[in-house]
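One-letter residues, chain by chain:
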Amino acid sequence: YFSIVERLNSLGVDRWQKEILTDLDELRWFVCYREKSTEMIYSKLAHYEHMDQLREATLIIELALWKESIICSVANDQESVMASCNNKDTMNTCRIRCGADVVMPNVLSFLLPE
């Protein structure tokens, strides 16, 4: 098991970390609600951990689509691929046209709870 601090440090979004730290700080003032508040904090932390995993997964999928777009936009030899990776205009065009804006909502519809 990991401590709350370790779990917080693993989150990639600072805003989520600060929100949970604020909740933890307020917890000491509401002793009579401590059990319910603790459950709420753990629930929120689990939710943010799941959202962080989804965020990382979407970044990886987008990078894979972008890479495939770069490879498909040039000849299939390694030198052409490397040359296009050094050309920012080609990279930006490939990123825009990689289809992530279409693919990601469809992928997320399977991963996010309804």
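Here is a short report on the structure shown in this document. (Residues numbered from 1 in each chain as written. Predicted model: local features only at pLDDT ≥ 70, side-chain atom pairs only at ≥ 80, totals over all residues. Heavy atoms only, no water.)

**As for the side chain of Gln 17**
Note on placement: Gln 17 falls in helix α2 (residues 14–27). By relative accessible area, Gln 17 is classed as buried at 17%. Reaching out from Gln 17, the side chain makes a polar contact with the backbone oxygen of Leu 8 at a distance of 2.8 Å. If near-sequence neighbours (up to four positions away) are discounted, Gln 17 is found in contact with Leu 8, Asn 9 and Leu 11. (Helix = DSSP H or I, 4+ residues; strand = E, 2+ residues; numbered from the N terminus. Buried < 20%, exposed > 50% of the residue type's maximum accessible area, 1.4 Å probe, protein only. Polar contact = N/O pair within 3.5 Å; in protein donor to acceptor, adjacent residues only side chain to side chain. Contact = heavy atoms within 4.5 Å.)

**Notes on the packing of α2 against helix α3 (residues 34–73)**
When two helices pack together, their arrangement is given by the angle between their axes and by how far apart the axes lie. Two numbers describe how α2 lies on α3: the axes approach to 10 Å, and their chain directions differ by 175 degrees. Taken as axis vectors, α2 and α3 run roughly antiparallel relative to one another. Residues Trp 16, Glu 19, Ile 20, Asp 23, Leu 24 and Leu 27 of α2 form the contact with α3, whose participating residues are Arg 34, Ser 37, Thr 38, Met 40, Ile 41, Lys 44, Leu 45, Tyr 48, Met 51 and Asp 52. Partitioned by chemical class, the residues of the contact of α2 with α3 number nine nonpolar, two polar and five charged. (Axes fitted to C-alpha atoms, helices over the stretch in contact; angles between N-to-C directions. Parallel < 35°, antiparallel > 145°, perpendicular 65-115°, else oblique. Nonpolar A, V, L, I, M, F, W, Y, C, P; charged D, E, K, R; others polar.)

**Side note on the state of the cysteines**
Working definition of a disulfide: a covalent bond connecting the sulfur atoms of two cysteines. The final tally for this structure, using the stated rule, is zero disulfides. The closest cysteine sulfur to the non-disulfide-bonded Cys 98 is located on Cys 94, 8.7 Å from its own sulfur. (Disulfide = S-S within 2.5 Å.)

**Thoughts on the environment of Ile 20**
Relative to the assigned elements, Ile 20 resides in helix α2. Residue class for Ile 20 comes out buried when judged on its relative accessible area of 0%. Residues Ile 20 and Leu 45, spaced 25 residues apart in sequence, show a C-alpha to C-alpha distance of 7.2 Å.

**Structural notes on α2**
Compared with an ideal rise of 1.5 Å per residue, which puts 14 residues at 20 Å, α2 spans 20 Å between its outermost C-alpha atoms and is within 8% of the ideal. When we look at burial in α2, the residues that qualify are Trp 16, Gln 17, Ile 20, Asp 23 and Leu 27. With its buried residues spanning 125 degrees around the axis, α2 presents them on a single face. Away from its buried face by more than 90 degrees, α2 exposes Asp 14, Arg 15 and Lys 18. (Expected span 1.5 Å × (residues − 1). Arc of directions from axis to C-beta.)

**Observations concerning the pattern of salt bridges**
The full count for this structure, using the stated rule, is five salt bridges. Between Glu 49 and Arg 7 there is a salt bridge; the shortest N-O distance is 2.7 Å. Of this pair, Glu 49 sits in helix α3 while Arg 7 is found in helix α1 (residues 4–10), placing the two residues 42 residues apart along the sequence. This pair shows no difference in class: Glu 49 is buried, exactly as Arg 7 is. (Salt bridge = Lys/Arg side-chain N within 4 Å of Asp/Glu carboxyl O.)

**Thoughts on the side chain of Asp 23**
Relative to the elements of secondary structure, Asp 23 occurs in helix α2. For Asp 23, a relative accessible area of 14% translates into the label buried. Within polar-contact distance, the side chain of Asp 23 engages the side chain of Lys 44 at 2.6 Å. Apart from the residues lying within four places of it in its own chain, the contact partners of Asp 23 are Met 40, Ile 41 and Lys 44.

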